[in-house]
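Residues per chain, in single letters:
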Amino acid sequence: MTVFGVVTALLQVVLVAAVGPILVGVLRQLRARVEGRVGAGILQPWRDLIKLLRREPISAAGTSWVLILAPVVLMGTSLAVAVLVPYVSTRSATANSSDLFAVVALLLVGTVVLTLAGLDTGTAFGGMGASREITIAALVEPAVLLAVFALSLPAGSTNLAVIVARRVSDQAQLASPVSLLVVVALTIVTLAEAGRLPVDNPATHLELTMIHEAMVLEYSGRDLALVEWASSIRLVILLGLTANLFLPWGVATQAGALALLVGVVAFLAKLLLFGAVLGIGEVFIAKFRLFRVPELLAGAVVLGFLAVMAAFFLVQGSG
Amino acid sequence: MGDFPTQRLNITAAELAVEAERLLSTGMRPALVAAHQDPDVFRIVYLFVGRESARRTELCVNVQKSVPTVPSIASVSFPIGRFEREMRDLYGVVPAGHPLPHRLVRHGHWPTGWYPMRRDLEVPPPFAESGESYPFATISGNGVYEIPVGPIHAGLIEPGHFRFTVVGETILRMKARLWFLHKGIERLFEGRTPSQGVELAERISGDTAVGHGWAYAAAVEDALGIAVPSNVGLLRLVLLELERLHNHVSDLGMLCNDVGYGVINTQALAIKERLLRLNETVTGHRLLRGAIAPGITTVRQLPSVAEIEEIGADIAELASIALGNAGVLDRFTGTAILDRAAGLDVGVLGYVARASGIFEDARNSHPLWDVAGVDPEWFRLSDDFATGDVLARFRVRVQECAGSVAAIVGLLPVVSEVAETGWHGVGAGADTGSAGGSASGIGMIEGWRGAITHRVEIGADGLLSRVKIVDPSFFNWPALPLALADTIVPDFPLVNKSFNLSYAGNDL
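Only a predicted model underlies this, so the values are computations on that prediction, with no experimental measurement involved.

Participant: Which residues make up the overall build of chain B, and what values go with them?
Facilitator: Scanning chain B from terminus to terminus reveals 16 helices and 15 strands. Principal-axis analysis of the C-alpha atoms gives chain B an extent of 70 × 65 × 45 Å. A buried classification covers 50% of the 508 residues belonging to chain B. Long-range pairs, those at least 24 residues apart, make up 69% of the contacts in chain B with a sequence separation of at least 6.

Below, the structure written as C-alpha cells:
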C-alpha cells in the first residue's frame, strides 16, 4: 500500500461526496435554463443539505431501528463504492478490491436497506415505493452485471481497475460493438437506479407517482439529509462509472501528483459532460407509464446479454 | 335577452317521481335541488333545464316541518340522489328510500342533529369528535390492500381524501371523500342585499370568478326582471372566455407536468401570467373580479385583438408540441376512459362531458345574448376525438382555447362601444325588492368547468332569502372513480388533473 494509493482512495471519497450535490444542482440548473426559468443555482442542493443537517430527525410512531439505520448504511455503501471504483486512478490502495461483483452488491445493499426503511414506516406510500423500487432493482441488477461482465471478458478480469486500465491502453476496444451495447445498457441502468426520467420524476410532488421519493417520505432532518446526499452520490457513482468505461482518457494509471491532478480534472469534465447530456435530455422526454418501465429495463438486460455474446465471440476471434 | 320563462309546477310528494321522469324523458337534465325553510313547511324546488333547448321547469314540493321526509327519486336520477343527501345533511329533510343513505356534506365532527342551513338555532351546538367514521366499503381478497391519500397533500392543492383499493398497481375501487371545505357560503348570502352578494359569488371557487359572478347576477336579474341588453351579454361573454383561457392554459401545462414534461408547464405558466396581467388591465383584478354585478357591467379597458391572437397562437403551438411528444401521447392515450353511457348516467357537464361525446354547452342552449351576435363555430367542437380518455379531455380544452380566442377576437369590435360607457341597468344597485313581493330567479352560465347554476330568492324587503349554488364539480366528481376502473395508481394524479374539479365549489 503506497502513500499515493491511500491519498488517491481518500481523494476519491471526498471528491465524489462533494460533487454529488453539485451534480444534482447542475442538472436542475440546466433543466431550469432550458425550460426558460432562472433556476436556484448549482449550489442549492448543498444549501438544502446544510440546512437539513442542522435539524433534528423525527421518527414516526411505530418505526424501528431499521428506519434510523438505513440512511447510515446507504451512505456507508455509497462511500465504499466511491472508494472502490477507479474514478481518478487505477492505482488506488483499494484497486485490488474493486471487483465488479462487490460494487454491484454494495449498490444493491443500499437499495434493499432503503426499501426496508420504506416498509418499516408502515405507511401505504412507503410500502408502495418499496414495492416499485425492488421491482426495478430486480431488473437493473442483472443488466449491470451482464454489461460490465461483457467488458471484463477482453480484460480477463472482473476487477474494475484492471478493466479500465486495459481500456486506456487498448483504445480500439472503445468503439467495439461490445462497448456500444454496454454504454446503452449502462445508461438505462443509471437512469433507473438514480431515479431519473423517464423512470422516475425527481421533481414531482405527487406521492402516488413516486418511486424513490415515496420510500423516503417519512425522513426528516439529518436522516433526510443523509438519504438525499447518498442519492446524489449514487448518481455520481453510476454516471462516473459509465463515463470512465466509455471515455477512460485521463484516468491516472501511473503514480504521481500530476497524473492525479489530470485524473481529477478529467473525471469532473466527464461527469459534467454526461450530466449535461442527461440534464438536457430529460427536458425533452416524458415519464413512462410505470408498466412500461420493466420493458425498458428488459431492453437493458437484452443489450447486456448481447454484449456478453459479442465479447465472447470477439475474444475467441482475436485469440 | 336571456329572459327564459321558467315553468313552475306545484306538485305533491306522491307525484314527484312521475313528474321528474316525464321531464327527464323530454330532454331535460336536473340542474339543482334546493330546500327552503318557510314558516311551517320545507319547500323543496327541483329545477330541470333543457339539455339542448332553453327550457326551464321547477317542481315544487312542500314538506311538513314536523315530519321532514320526501320520497327519494335517486333511482330516477343519480345526481338528484346526491342533491337529496346534501339536503338531508344541511336541512334534515330525509329522502325516504334512498339507496345510498350515507352522509355526504356532513363532516364527522358536526354536532349530531345539527343542520347548518336551518334557521332554528342562531349559535350551533359545540363541535366535538364524534368518533363516527365514514363507512368505506372494504374489499378483501388475496393481495388486496388500501392506500389512503389525503386530505392533506404534498402539493399546494385543495383537501380531499382518496381511498384506493388496489391489487398490485391496478385500482379496483376508489372512493373520494371530499367535504373538508364547508364554509356555509349559501347561508352567508341570506340577509344580504343583491349587490352585497357579488363579493361572495365571486369567491365561491376562486378560479371561476366570472362564471359564478355572472350566474349570480343573471339569477338576480331574472328575479327582479332587469332586462340585460344583448351587447352587455356579449361583453360579459368576453370576460367569461378570458377566464376560460387562463384556466385552460394552466391545466394544459399541469397535465404535461404530471407526466414529467415540465418544459410545457413552464411555458404554459408564462402564458397564464400574461393572461392574468391582461385581466388586470381589463377589470382591475387578475382573476377578473369586479366587472359583473346585478344590473351592472363595467370594464376598464378591452384587450387588443392582436394580443389575444398572439396568445392564441402560443397556446396552439404549445399544445402541438406537447402532443408531438410520443411519451406524452402514450401517457394520455387510453388512460381513464369515461364512456358516454356512464357520463350520461352520472350527469357530467363541461369539458368532461364533451370529451366523452356529450356535447352540451349552455352557451349554445341557454344564451344570455342575441344569438345572431355570435358565430356558432366558436362553441362547436369536432367530434372525432371524443374518446373519453385523458387525451380527449386535453384536446377538448385545446379546442376550447381556440374557440375562446376566436370568440374574443370576434366580439371585441362589437362590444367596444358598451365597454366604453359600461352598463348600469334600470334599478341597478338600488337594491329595491321586486314589485310583487318575493321573487325567484335562475342564472345558468357555461363556466370553464361546465354549466354553473344559481337560483336566488329575494324577499319583499329586497334582501336575499335563499341562494342555491351548483358548481359543475358537484355533478362531475362521481365520474372520476368510474373513469379510474382498471387504471393504475401512478396514473391517478394525471387523471384527477384531467378532470380538475373544484373542491371549494363542490363543498359550499
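Participant: How would you explain the confidence of the model for chain A if you had to name every residue and give the values?
Facilitator: Averaged over every residue, the pLDDT of chain A is 89; the share at 70 or more is 98%. Taken element by element, chain A is modelled with least confidence in helix α11 (residues 293–318) of chain A, mean pLDDT 86, and with most confidence in helix α2 (residues 44–53) of chain A, mean pLDDT 96.

Participant: Would you mind going over helix α5 (residues 124–155) of chain A in detail, with residue names and values included?
Facilitator: Taking 1.5 Å of rise per residue, the 32 residues of α5 of chain A would be expected to cover 46 Å, and the 47 Å separating its terminal C-alpha atoms lies within 8% of that figure. In the segment just after α5 of chain A, Gly 156 of chain A is the residue with positive phi, at about 75°.

Participant: With reference to specific residues and values, describe the pairing of strand β3 (residues 41–50) of chain B.
Facilitator: All names here are of chain B. Buried residues dominate β3, accounting for seven of its 10 residues. Here strand β2 (residues 28–37) runs beside β3; their pairing, made up of nine bridges, is antiparallel. By the bridge assignment for β3, Val 33 is matched with Tyr 46. Pairing analysis gives nine bridges linking β3 to strand β4 (residues 56–64), with the strands arranged antiparallel. By the bridge assignment, Val 41 is partnered in β4 with Gln 64. Here β3 folds back onto β4 in antiparallel fashion, the turn holding five residues.

Participant: Run through the interface of chain B and chain A, naming residues and quoting values.
Facilitator: On the side of chain A, 23 residues touch chain B, which itself brings 25 residues to the contact. When grouped by side-chain class, the residues that make up the side of chain B that touches chain A number 13 nonpolar, seven polar and five charged.

Participant: Any details on the environment of Val 109 of chain A? Residues and values, ideally.
Facilitator: Residues and elements named next belong to chain A. Relative to the helices and strands, Val 109 resides in helix α4 (residues 100–120). With 17 C-beta atoms packed within 10 Å, Val 109 lands in the partly exposed category. Considering only alpha carbons, one finds Val 109 and Gln 44, 65 residues apart in sequence, at a separation of 29 Å. Among residues more than four places away in sequence, those in contact with Val 109 are Val 73 and Thr 77.

Participant: Could you give me a rundown of the nonpolar core, with the residues and numbers involved?
Facilitator: Core analysis: the biggest nonpolar cluster contains 250 residues, and Ala 143, Ala 147, Ala 150, Val 182, Ala 185, Leu 297 and Ala 307 of chain A have the highest contact counts within it. Here Ala 307 of chain A is in contact with Leu 146, Ala 147, Ala 150, Val 178, Leu 181, Val 182 and Ala 185 of chain A, once residues within four sequence places are set aside.

Participant: Help me get a handle on the sheet that holds strand β12 (residues 423–424) of chain B, residues and values and all.
Facilitator: Residues and elements named next belong to chain B. On the basis of which strands lie adjacent, the open sheet formed by three strands has the order β10-β11-β12 and antiparallel pairing. The sheet is open, and its two borders are formed by β10 (292–293) and β12, each paired with just one other strand. When strand β11 (residues 296–297) meets β12, the two strands line up antiparallel, connected through two bridges. Bridge pairing in β12 places Ile 296 opposite His 424.

Participant: Can you lay out the sheet that holds β4 of chain B for me, pointing to particular residues and giving the numbers?
Facilitator: All names here are of chain B. Pairing is mixed in the open sheet, where four strands are placed in the order β1-β4-β3-β2. Here the strands that pair on one side only, and so sit at the sheet edges, are β1 (6–11) and β2. This sheet shows a mean twist of 20° between the axes of neighbouring strands, independent of strand direction. The sheet strands contacting helix α1 (residues 16–25) are β1, β2, β3 and β4, and the helix crosses β4 at an angle near 170°. Along the sheet face, helix α2 (residues 78–91) touches β2 and β3 and points at about 10° away from the line of β2.

Participant: Describe unusual backbone geometry, with residues and values.
Facilitator: Negative phi is the rule for most residues except glycine; trans is the rule for most peptide bonds. With an omega of 5°, the peptide bond running from Leu 197 of chain A to Pro 198 of chain A counts as cis. Put simply, Gly 150 of chain B and Pro 151 of chain B share a cis peptide bond, and its omega is 10°. Relative to the helices and strands, Pro 151 of chain B is located in the loop between β7 (144–149) and β8 (161–167). Its identity as a non-glycine residue notwithstanding, Asp 486 of chain B has a phi of 70°, on the positive side. Residue position: Asp 486 of chain B is located in the loop between α15 (479–483) and α16 (492–499).

Participant: Tell me about the packing of helix α6 (residues 230–258) of chain B against helix α7 (residues 262–283) of chain B, and please be specific about residues and values.
Facilitator: Residues and elements named next belong to chain B. Between α6 and α7, the shortest axis-to-axis distance is 7 Å and the interhelical angle comes to 165°. Of the possible angle classes, the one that applies to α6 and α7 is roughly antiparallel. Judged by the twist between their axes, the crossing of α6 over α7 is left-handed. On the side of α6, the interface is formed by Leu 242, Leu 245, His 246, Val 249, Ser 250, Leu 252, Gly 253, Met 254, Cys 256 and Asn 257, while α7 contributes Gly 262, Ile 264, Asn 265, Ala 268, Leu 269, Ile 271, Lys 272, Leu 275, Leu 276, Asn 279 and Val 282. Class assignment of the residues belonging to the contact of α6 with α7 gives a composition of 13 nonpolar, seven polar and one charged.

Participant: Hey, could you go over the environment of Ala 286 of chain A for me, with residue numbers and the actual values?
Facilitator: Position of Ala 286 of chain A relative to the elements: it lies in the loop between α10 (257–283) and α11. With 85 residues separating them along the chain, Ala 286 of chain A and Asn 201 of chain A place their C-alpha atoms 9.1 Å apart. In this view, Ala 286 of chain A contacts Pro 198 of chain A together with Val 259, Gly 260, Tyr 261, Asn 325, Gly 327, Val 328 and Arg 331 of chain B; residues no more than four positions away in its chain are not counted.

Participant: Residues and numbers for the confidence of the model for chain B, please.
Facilitator: The predicted model of chain B averages 91 in pLDDT, with 97% of residues at 70 or higher. Predicted complex metrics record ipTM = 0.89 and pTM = 0.92.

Participant: How would you sum up the pairing of strand β15 (residues 464–470) of chain B? Please name residues and give values.
Facilitator: Residues and elements named next belong to chain B. In terms of burial, β15 is a largely internal element, six of the seven residues being buried. Pairing geometry for strand β14 (residues 451–458) and β15, over six bridges, is antiparallel. Looking across to β15, one finds that Glu 457 is bridged to Arg 466. Hairpin geometry of β14 and β15 is characterised by an intervening segment of five residues between the two adjacent antiparallel strands and by a positive phi of about 85° at Gly 462.

Each value, and the rule that gives it
- In this numbering scheme, every chain counts its residues from 1 along its sequence in written order.
- By the order in which they are written, chains take letters starting at A while ligands take numbers starting at 1.
- Reporting of local features is limited, given that this is a predicted model, to residues whose pLDDT is at least 70; pairs of side-chain atoms are given and counted only at 80 or more, and all residues count toward the totals for whole chains, interfaces and linings.
- Secondary structure elements are taken from DSSP: a helix is a run of H or I of four residues or more, a strand is a run of E of two residues or more, and numbering for both begins at the N terminus.
- Here the C-beta atoms are placed from the backbone, and a residue counts as buried if at least 20 other C-beta atoms lie within 10 Å of its own, exposed if 12 or fewer do, and partly exposed otherwise.
- Each residue gets a C-beta atom placed from its backbone, and two residues are in contact if those atoms lie within 7 Å.
- For every residue, the predictor reports its confidence as pLDDT, a number between 0 and 100.
- Helices are assigned an expected span. That span is 1.5 Å times one less than the residue count.
- Whether two strands pair depends on DSSP finding at least two bridges between them.
- Only Asp, Glu, Lys and Arg are considered charged, only Ala, Val, Leu, Ile, Met, Phe, Trp, Tyr, Cys and Pro nonpolar, and every remaining residue, Gly among them, polar.
- By our criterion, buried Ala, Val, Leu, Ile, Met, Phe, Trp, Tyr and Cys residues that link up through C-beta atoms within 7 Å make up a nonpolar core.
- Helix axes are fitted only over the stretch in contact, all axes being lines through C-alpha atoms; the angle between N-to-C directions runs from 0 to 180 degrees.
- When an angle is under 35 degrees it counts as roughly parallel; over 145 it counts as roughly antiparallel; between 65 and 115 it counts as roughly perpendicular; any other value is oblique.
- Take the far helix as your reference; a near helix turned counterclockwise from it by less than a right angle gives a left-handed crossing, and one turned clockwise gives a right-handed crossing.

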